[in-house]
Amino acid sequence: MTETMTVSMLDCIKRVPERLDWILSNRERTFSALRGEAKARVEKADEIVMIGSGTSNTSALTARFAAEKGAKIRVTAILPTDFLYHMSVYNPNALYVFTSQTGTSAMVRVAIAKAKKIGGFTIAVSESADTPAAKEADLFIDMGCGKEEYGMRTIGYSTSVLTLALLGMEVGRIGGRLPQAEFEEYLAQARAAVAATPEIIRKAERWMDTDRRNMLRSDCLVFTGTGALAGVAMEAAVKVWETPQITALGCELEDGMHGPNYGYSQRHCVIVLNDGGVENDKALALCRYMKGEMNNGFLIGANPVDEHDLAFDPAGGILSCLEFASAIQVVAYRLAVDQGRDLFHRSHGNMGKYFSSHRALSPEELKL
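Each residue is numbered by its place in its chain's sequence as written, counting from 1. Local features in this predicted model are restricted to residues whose pLDDT is 70 or higher, and side-chain atom pairs enter the listing and the counts only when it is 80 or higher, whereas totals over whole chains, interfaces and linings include all residues. Side-chain descriptors were evaluated using all non-hydrogen atoms of the structure, hydrogens and water having been removed beforehand.

> I'd like to hear about helix α9 (residues 155–174), residue by residue, with values.
Going along the chain from the N terminus, every DSSP run of H or I of four or more residues is numbered as a helix, and every run of E of two or more is numbered as a strand. Under the convention used throughout, the expected extent of a helix is 1.5 Å for every residue step, that is, one less than its residue count. In this model α9 runs 28 Å from its N-terminal to its C-terminal C-alpha over 20 residues, within 8% of the 28 Å that 1.5 Å per residue would give. Whether a residue is buried, partly exposed or exposed follows from its accessible area with a 1.4 Å probe, protein chains only, as a fraction of its type maximum: under 20%, in between, or over 50%, in that order. Of all the 20 residues making up α9, 19 are buried; the element is thus mostly covered by neighbouring parts of the structure. Just downstream of α9, G176 is the residue with a positive phi angle, here 75°.

Below, the structure written as structure tokens:
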């Protein structure tokens, strides 16, 4: 048995609070270059554009709201393919933030070259300063994930969310738009989210012991939430599809009530992520509908509908998404283990014969 095989995916999930604490403790050093060599470009910025694929995209979709509250300029998330081939208006004053844990995502690296070509300032958020993306961008920001043994990223998702949110806050501070008191409040919320996470992981484990059957017997799991929790829902769908290999969808709460709701049946398990905020009533209504009419719905978070829900009161304010992230990661892990999937088995080894999203690039490709 190799060393990595002694580490379970649950062990990785349980390391998330430790890594988030590390990010908070080291934030001054992590973002020092923003206040130093990049200060003039940061002060000039009137937009932050977050670019990434897969979990790097869902982390941006999750973090953008907290980042925007901190930066007090527009923050958008876009896929690298759209950025390269389908956008027609580019902002030369934007900060272009590229997230890639390994730094080897081919499209992200080409997009970095594109952003440089239009005069944008490029920032790579990656696991190491030695990754290709980190070397090719104007500035490197440590994702704070450390070593992660599994390709199904759990640590990397959560650390990316916090790092991107803090990056936005640092941009707001440097630009003189984010008051110190507000910044300290956001840090306090981040610390509260991190402190709450270990107990949520334990609760999620106990919940899966008793309530996983409906999920396992369903044809499809549908995760839904609003605001940052829409990003968590989309990440949940990615994790459930790639880890236990169960068909899963993620959608924004209101958007999911404009069509997909007509397709729900008893074979679809809808899991509502609810922070108890402005869309609380809508979240509860959908959950009650799926429980009452389809006998196949759950709620994670605030204001549980019944004893079968995973109940907790979010503590993290604008960063409570970190609490929900650990809950859905436990769900994905347990569904895989309870089905007997070997998470180290590589069943798609032939995929590289057809395509690869992480590959070496030629100099010509980087020249655009």
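That shown, we press on.
> Any chance you could break down the pattern of salt bridges for me, citing the residues and the numbers?
Each reported salt bridge corresponds to a side-chain nitrogen of Lys or Arg within 4 Å of a carboxyl oxygen of Asp or Glu. Going through the model one piece at a time under the given rule, you end up with 23 salt bridges. As a salt-bridge pair, D338 and R212 come within 2.9 Å of each other at their nearest N and O atoms. Pair noted here: D338 is in helix α15 (residues 321–338) and R212 is in the loop between α10 (180–211) and α11 (213–216), with a separation of 126 residues, a long-range link. Of the residues examined, R212 reaches a relative accessible area of 26% and is grouped as partly exposed. Its salt-bridge partner being D309, residue K291 comes within 2.8 Å of it at the nearest N-O pair. Taken as a pair, K291 in helix α14 (residues 280–294) and D309 in the loop between β9 (297–301) and β10 (310–311) lie far apart in primary sequence, 18 residues in all.

> Before we move on, can you summarise the pairing of strand β8 (residues 268–274) with the specific residues and values?
Within β8, six of the seven residues are buried, leaving the element largely enclosed by the surrounding structure. Any two strands are treated as partners once DSSP identifies two or more bridges connecting them. In this sheet, β8 lies alongside strand β6 (residues 220–225) in parallel orientation, the contact comprising five bridges. The residue of β8 that forms the bridge with L221 is C269. Where β8 and β9 come together, five bridges link them in parallel fashion. If you follow L273 over to β9, its bridge partner there is I300. Crossover handedness is defined by viewing with both strands directed away from the observer: a clockwise path from the first strand over the helix to the second marks the crossover as right-handed. In terms of handedness, the path from β8 via α14 over to β9 forms a crossover that is right-handed.

> Can you explain the packing of aromatic side chains? Please cite residues and give values.
Only Phe, Tyr and Trp rings take part, Trp by its six-membered ring, and two of them pair if their centres are within 6.5 Å. Stacked means planes under 30 degrees apart, edge-to-face means over 60, and tilted covers everything else. All told, the structure shown has five aromatic pairs when counted by the stated rule. Between F83 and Y96, the aromatic rings sit 5.5 Å apart at their centres with planes inclined by 55°, giving tilted as the arrangement. On the criterion of sequence distance, the pair formed by F83 in helix α6 (residues 80–86) and Y96 in strand β3 (residues 95–99) is long-range, its members being 13 residues apart. Classification of F83 as buried rests on a relative accessible area of 0%. Summarising the aromatic geometry, the rings of F83 and F98 are spaced 6.4 Å apart at their centres and angled 80° between planes, so their arrangement reads as edge-to-face.

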